[in-house]
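Residues per chain are reported as follows:
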Amino acid sequence: MKRFLSGITPSGDGSLHIGNYLGAVRQFISLSRDNEAFLMIADLHALTTIRDKKRLEHNVEELVRNELALLMGTLGGELPNITFFRQSDVPAHTELQSILNNVTPLGLVKRAHAYKDKLEKESAEEDINLGLFNYPVLMAADILLYQTDFVPVGKDQKQHIEITRDIAGRFNKTFCKKIFKLPEPYIPEEVSVIMGTDGKRKMSKSLGNIISIFEPEEVIRKQVMETYTDPARIHATDLGHIAGNMVFRYLEFFGTKQKVDELKEAYKKGQVADVEVKNYLYASLLKTFAPAREKYHALANNPEAVREILQEGARKANAVASRTMVEARRTIGLSNAYSCPSGSSYTPVPSERQNQGLTPVTPVTLAEFARMEIRVGKVIEASNKEGSEKLIRLVVDVGETKPRIIFTGVRGFGYTPEDFAGKQFLFITNLAPRKMMGEESQGMILAVDGNERPRGEHDAKKPVFITAEGMPLGAKVR
Ligand code: ADP
Ligand code: TRP
C-alpha cells in the first residue's frame, strides 16, 4: 500500500465547489480505496490571509463538514484507510517547517507562483507577510512528515510539490541520510483545471463562477442556469456547439454517457433547448451529491461525531509525524547526551525504542482495544523468518479449520522461536491480513508493554506475552 497526503486550505468561506470536487476530493476518494490516505484541513495555511477569529473558525468547521460529507457520503458512511485531521492539531508541522527553513535557499521560495503573482499583481514587498512567502516550506513540512509516496493536487499546486522535492533532497544530502522520501505529484490531466461557469477562467470561489455542492437547491439551480453555453445560439433550433460549452463539459463527469451523447447530437442539430440540457445537468448534480448532501446535514447535527473523527485523526497523524521528527531531530543534532525524552513533545516510547534500532510503537487507545477480537491460540510451529532480522513466523491454531500464519517482530528483544513453540497465548484475530516479507500475517500475538515490570525480570523494555496455558483452544476472550 502506498501512502498519500493532501490538504485543502479553509479559505473563501470554507465551502467546496464542483471544481474542488473534480480536481481534488474525487481523487482522494478513488485513491483511498487502494492507498493509505492522510487528508488534512490546512488551517495554518489559511492564516496567511485570514486574520479574523470568527471567520477562521467558521471556515474550518464548514470545510470539515464539506470534506467529510463528500468522503463519507461516497464511501458508504465510513473512512476506510483515511486519516482525516487538522494541521494545527499536529505541532510537528510548524517545527519541521522551522527546521526545513535552514536548508531552503531564498531563491527557491522567491520563484514560487503564489508569492510572485502577489508581488506582480497586488502588493509591494513590504505588504507581503512572511507566512505567505514561506508557505511552500510549510507545505513541504506537511508532506515530508508523513513520508508520502505521492500528493494528489490540482495543477496550480504542482510547483509546490517540486519545491518539496527540492527541499527534501537538500536536507537528505546535507545530513547524508535519507530522512525524507521524495514525493511524486499526482495530477490527472483531464481534471487538472475545471473552468468556471463563465467558461473563461478557472472555477474559483473568489471569482464567483462556481457550482456549489451543499448550497440549497435553488442556489445550485441558479448557478446551473447561468452557466455559459454557446453564445452564438439564440434559439433552440439554432445549430449548437459543444466545444467550450460548460454545461456539456460538466456533464462529462456527472451525466450518464448514453444520455449525454444523445443530448450532444440533438444540440448540434438544433433539436434541444439549452434549458433542457441545463435541467439534466441540475438533476445529475443533485443525484451525484445526494448521499453527500444527506451526510452533510447529519454531520451538522452531530458535532460530537465530527470531533471524534478529528481526534482520532490527530492521534494517528501525530503518531506518524512523531516518528519522522524523532529521526529528523537526531539527524541534525537536536538530540544529545542531555536530552530527556519527556522534555520533547514526542512520546518517549518511540525514541527509546528507536535508540535500540527498533520500530517505534504507539500505544493503542481504549477505543481501539474495545474493537479487538481476542482468542486463545496454540503455536504449532515457530521459526525465524528467513531474510528478516526481526520476524518470528508462528503457525497458530486458533480453533479454526486451518491454522493461521502470524508474524511477530521481536527477535530484537532477544526472543527466539523456542519461546513460542508449543505454548498458548492470546491472539488478536479480527485484523486485516498484512503482507510481511512476501507472506500474509493473519493476526497479531497480544503483548503488553513491559515497562512497569521491575527491572531485572527483563530489561524493562521488552514486550511481555500473555500466557493462555490451560485455557480452551480457540476460546474468545473478548
Ligand atoms: P479555490 O480556488 O476555489 O479557492 P482552493 O484553492 O481552496 O479552491 O482549492 C482546493 C483544492 O481544489 C486544491 O487541490 C485545488 O488544486 C483544487 N481546485 C480548486 N479549483 C479547482 C479547479 N477549478 N479545477 C480543478 N481543481 C481545483
Ligand atoms: N496549498 C494547498 C492549496 O492551497 C493546500 C495544502 C497545504 C496542501 N498543504 C498541503 C496540498 C500538502 C497538498 C499537500 O490547495
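Bear in mind the structure is a predicted one, so any value in this text is a computation, not a measurement.

## Considering the sheet that holds strand S7 (residues 392-397)
Spatially, the 5 strands line up as an open sheet ordered S8-S7-S6-S9-S12, and their pairing is antiparallel. Each edge of the open sheet is held by one strand with a lone partner, namely strand S8 (404-408) and strand S12 (444-445). Sheet topology note: the S7/S8 ladder contains 5 bridges and is antiparallel. Bridge assignment links Val395 to a residue of S8, and that residue is Ile405.

## A few points about the packing of aromatic side chains
Inspection of the entire model under this criterion finds 18 aromatic pairs. When the centroid spacing of 6.5 Å and the interplanar angle of 80 degrees are considered together, the rings of Phe38 and Phe85 count as edge-to-face. Pair noted here: Phe38 is in strand S2 (residues 36-41) and Phe85 is in strand S3 (residues 82-86), with a separation of 47 residues, a long-range link. Here Phe171 and Phe175 contribute two aromatic rings whose centre-to-centre distance is 4.8 Å and whose plane-to-plane angle is 45 degrees, an arrangement assigned as tilted. A residue is classified by how much of its surface remains accessible, and Phe171, at 1% relative accessible area, is buried. The exposure class of Phe175 is partly exposed, given its relative accessible area of 28%. Through a chain of ring-to-ring contacts, three or more aromatic side chains come together here, namely Tyr415, Phe420, Phe425 and Phe465. Over the aromatic face of Tyr267 sits the side chain of Arg233, whose NZ or CZ is 4.0 Å from the ring centroid.

Rules used throughout
Residues numbered from 1 in each chain as written. Chains lettered and ligands numbered in written order. Predicted model: local features only at pLDDT ≥ 70, side-chain atom pairs only at ≥ 80, totals over all residues. Heavy atoms only, no water. Pairing = 2+ DSSP bridges. Helix = DSSP H or I, 4+ residues; strand = E, 2+ residues; numbered from the N terminus. Phe/Tyr/Trp six-rings, centres within 6.5 Å; stacked < 30°, edge-to-face > 60°. Buried < 20%, exposed > 50% of the residue type's maximum accessible area, 1.4 Å probe, protein only. Lys NZ or Arg CZ within 6 Å of the ring centre and 35° of its normal.

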